[in-house]
Amino acid sequence: MIDFYSDTSTRPSRAMREAVLDCEVGDEQTDEDPTTRALCERVAALLGKEAAIFLPSGTMCNEIAIRLHTQPGDEIICDHLAHIVNYEAGAPAAFSGVMIRTVQGPDGVFSPEQVAEAIRPDSRYMPRTALLCVEQTANFSGGTVWPPEMLDAVAKVAKDAGVATHMDGARLLNAAVKSGIPAARHARDFDTVWIDFTKGLGAPIGAVLTGSKADIDKAWRLKQRFGGAMRQSGIAASMCLYALDHNVDRLAEDHDLAAWLGQRIGALDAVAQVLPVETNIVIFDLKPDAPTAAEIVEALRARGVQVGAFGARRIRVVTHLDVDQAAAETLMAALRLALAPVTAGASA
Ligand SMILES: *Cc1c(COP(=O)(O)O)cnc(C)c1O
């Protein structure tokens, strides 16, 4: 199966697995795993933060950050398509007792004016706005890159109102590679920022949450409470270190392949629109007379290609280190065949 469903579909390479063999390990719960410590130091430096903590998943990074910045009854601000809103099983409500106020930015990039409007005035009747969250890149808006000036501007509105800031940086390194602007610059005005190792970086487990020493100290207690404390986690961290050494610069190849796909998909008669392709995600909508997204997913699967349906007529294709130009050509051929009746109708 050629898997364009997600950049989480990567399998650790042989070289990445070999990085595990000689890694030093210790008890991570007591912060005595040397490989995990090395990874945390490296990610803290990469993102320009004082401290970092290794967690099993990006979801746990988001949920620990939300918990540490809020009190039950508070409100947090997120884009309406954010992972936090749609794919974390209601954790902000379940674990932190917070409400979410969504804003709708064009392609996931909302404006400082929208943030100002979403922040609650000081009133005993209203929830307290405690946290602003941004996603870099904006996954379900097509992998859009927030320009640093926009990040600065929304963070400033939050800061001026006493609202904490959090960056879901699942694909922050895609944004850094695409923009040529270092990850630390993107992260600068955000109190907590994390990166995922299981997306384009190709590791099987792990994410690192960074922030001030005080915030990461709080995160350690929450990690214990949420059941995220590990033991010889150097086994996983060594693969993350390998990913930082070998799989960051090559993200540009994923972006090029996504751009190639975006152009060709956009030229298909049955496609109503392709969201702007900036990084490794191609999201497109089918015209009303085309087969549904679910039908296309099935038809492609029958031809050995996996893509994702995210809505009745919306499809997402993600490039990563386990798909190449030949895979992209197979995808295009399968897609043309699946959409053939519409194409034939259009030209008749
Ligand atoms: C994948 C993803 C997450 C969650 O990360 P996991 O490591 O899968 O838990 C959070 N936010 C965004 C934007 C993601 O794409």
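Above: the structure in question.
Residues numbered from 1 in each chain as written. Predicted model: local features only at pLDDT ≥ 70, side-chain atom pairs only at ≥ 80, totals over all residues. Heavy atoms only, no water.

Draft legend 1. How the structure looks around the pairing of strand β6 (residues 164–169). Counting buried residues in β6 gives six out of six residues, a clear majority hidden from the surface. On the question of chirality, the crossover connecting strand β5 (residues 129–135) to the parallel β6 by way of helix α7 (residues 148–160) is right-handed. Inspection of the sheet shows β6 paired to strand β7 (residues 192–196) by four bridges, in the parallel sense. Each bridged residue has a counterpart across the sheet, and for histidine 166 the counterpart in β7 is threonine 192. (Buried < 20%, exposed > 50% of the residue type's maximum accessible area, 1.4 Å probe, protein only. Helix = DSSP H or I, 4+ residues; strand = E, 2+ residues; numbered from the N terminus. Right-handed = clockwise from strand over helix to strand, strands pointing away. Pairing = 2+ DSSP bridges.)

Draft legend 2. Here's a closer look at the side chain of threonine 165. Its location among the elements puts threonine 165 in strand β6. Only 3.0 Å separates the side chain of threonine 165 from the backbone oxygen of aspartate 189, close enough to count as a polar contact. (Polar contact = N/O pair within 3.5 Å; in protein donor to acceptor, adjacent residues only side chain to side chain.)

Draft legend 3. Highlighting helix α11 (residues 234–246). Under the 1.5 Å per step criterion, the end-to-end length of α11 is 18 Å for 13 residues, consistent within 8% with the ideal 18 Å. Among the 13 residues in α11, 10 count as buried, and that is most of the element. Packing partners of the buried residues in α11 comprise α1 (14–21), α2 (34–47), β2 (51–55) and α8 (172–179). (Expected span 1.5 Å × (residues − 1). Contact = heavy atoms within 4.5 Å.)

Draft legend 4. Expanded view of the site of the ligand. With respect to spatial proximity, 15 residues lie near the ligand, and among them Gly58, Thr59, Asp168, Asp196 and Lys199 are the closest. At 2.6 Å, a side-chain N or O of threonine 59 approaches an oxygen atom of the ligand. One of the side-chain nitrogen or oxygen atoms of asparagine 139 is found 3.0 Å away from an oxygen atom of the ligand. When residues of the shell around the ligand are traced back to their parent elements, those giving at least two are α3 (58–69) and β7. With three residues, the top contributor of residues to the shell around the ligand is α3. A per-class count over the shell around the ligand returns two nonpolar, seven polar and six charged. (Near = heavy atom within 4 Å. Nonpolar A, V, L, I, M, F, W, Y, C, P; charged D, E, K, R; others polar.)

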